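# Structural description and commentary
Okay, here's what each chain looks like letter by letter:
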Amino acid sequence: MASWEQESAMVVFEQVRQFVLLSGGKTTRLSREQKGRFVAICWIAQIYKYFAQPKASYVDDWEKLPDWQRETDAAIFEAVEQTVMAEVIAA
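Summary of the structure given here. (Residues numbered from 1 in each chain as written. Predicted model: local features only at pLDDT ≥ 70, side-chain atom pairs only at ≥ 80, totals over all residues. Heavy atoms only, no water.)

## Thoughts on the overall build of the protein
- Tallying secondary structure elements over the protein gives three helices and zero strands in all.
- In the protein, the succession of helices and strands from N to C terminus is α-α-α.
- In terms of overall dimensions, the protein has a C-alpha envelope of 45 × 25 × 20 Å along the principal axes.
- With 91 residues in all, the protein has 26% of them scored as buried.
- Partitioning the contacts of the protein with sequence separation of at least 6, the portion at a separation of at least 24 is 70%.
- For the protein, the exposed surface amounts to about 6,000 Å²; the carbon and sulfur share of it is 58%. (Helix = DSSP H or I, 4+ residues; strand = E, 2+ residues; numbered from the N terminus. Buried < 20%, exposed > 50% of the residue type's maximum accessible area, 1.4 Å probe, protein only. Contact = heavy atoms within 4.5 Å. Areas by Shrake-Rupley, 256 points an atom, 1.4 Å probe, with all protein chains shown as cover.)

Put into C-alpha cells, the structure is as follows:
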C-alpha cells in the first residue's frame, strides 16, 4: 500500500472516529448507506489532497460507485464505529 493510501486511511479512520464520538454514538441510527456515503466523501477529499487531477473514477459520486465499493465503505464505517463504541464502553 502506498504511503499516501496509508496516511489517507488513517485520516478517514480518525474522521469516522470523531464523527462517532461527537455524535455521542448516535451514528448507530444512520442507515448503512449514510455510513458508506460518509466514508466515500472523506476518501474523495483525500484523493484531492494527493492528486491535482485525479481520474474521474477515483472521485465518482456514490451513485456511480460499484456495489462492492459501497459495501466496503459501509463496512469500514461500521468497523470503526464498533471499535469506538467498545472503547467508550470499556472506559
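## A closer look at the packing of helix α2 (residues 32–50) against helix α3 (residues 67–90)
- Viewed as axis vectors pointing N to C, α2 and α3 meet at an angle of 95 degrees, and their least axial separation amounts to 7 Å. Between α2 and α3, the angle falls in the class roughly perpendicular. On α3, the residues that touch Arg32, Lys35, Gly36, Phe38, Val39 and Ala40 of α2 are Glu71, Asp73, Ala74, Ala75, Ile76, Phe77, Glu78 and Glu81.
- Of the residues belonging to the contact of α2 with α3, the class tally is seven nonpolar, one polar and six charged. (Axes fitted to C-alpha atoms, helices over the stretch in contact; angles between N-to-C directions. Parallel < 35°, antiparallel > 145°, perpendicular 65-115°, else oblique. Nonpolar A, V, L, I, M, F, W, Y, C, P; charged D, E, K, R; others polar.)

## Here we look at the layout of surface pockets
- In this structure, the largest pocket occupies an estimated 540 Å³ of space.
- Lining the largest pocket are 23 residues, and of these Trp43, Ile47, Tyr58, Gln69 and Asp73 lie nearest its centre.
- Mapped by element, the contributors of at least two residues to the lining of the largest pocket are α1 (3–22), α2 and α3.
- In terms of residues, the lining of the largest pocket owes the most to one element, α1, which gives six residues.
- When grouped by side-chain class, the residues that make up the lining of the largest pocket number 17 nonpolar, three polar and three charged. (1 Å grid on protein atoms, 1.4 Å probe; cavity = no way out; pocket = protein on both sides within 12 Å on 5 of 7 lines; lining within 4 Å. Points joined across faces, edges and corners; volume = space filled by probe spheres on them.)

## Some points on the environment of Glu81
- Within the element layout of this structure, Glu81 appears in helix α3.
- Using a relative accessible area of 5% as the deciding quantity, one classes Glu81 as buried.
- In sequence terms Glu81 and Lys55 are 26 residues apart; their C-alpha atoms lie 30 Å from each other.
- Aside from chain neighbours lying at most four places away, what touches Glu81 is Val20, Thr27, Thr28 and Lys35.
- Within the local environment of Glu81, its side chain forms a polar contact with the backbone nitrogen of Thr28, the two atoms lying 3.1 Å apart. (Polar contact = N/O pair within 3.5 Å; in protein donor to acceptor, adjacent residues only side chain to side chain.)

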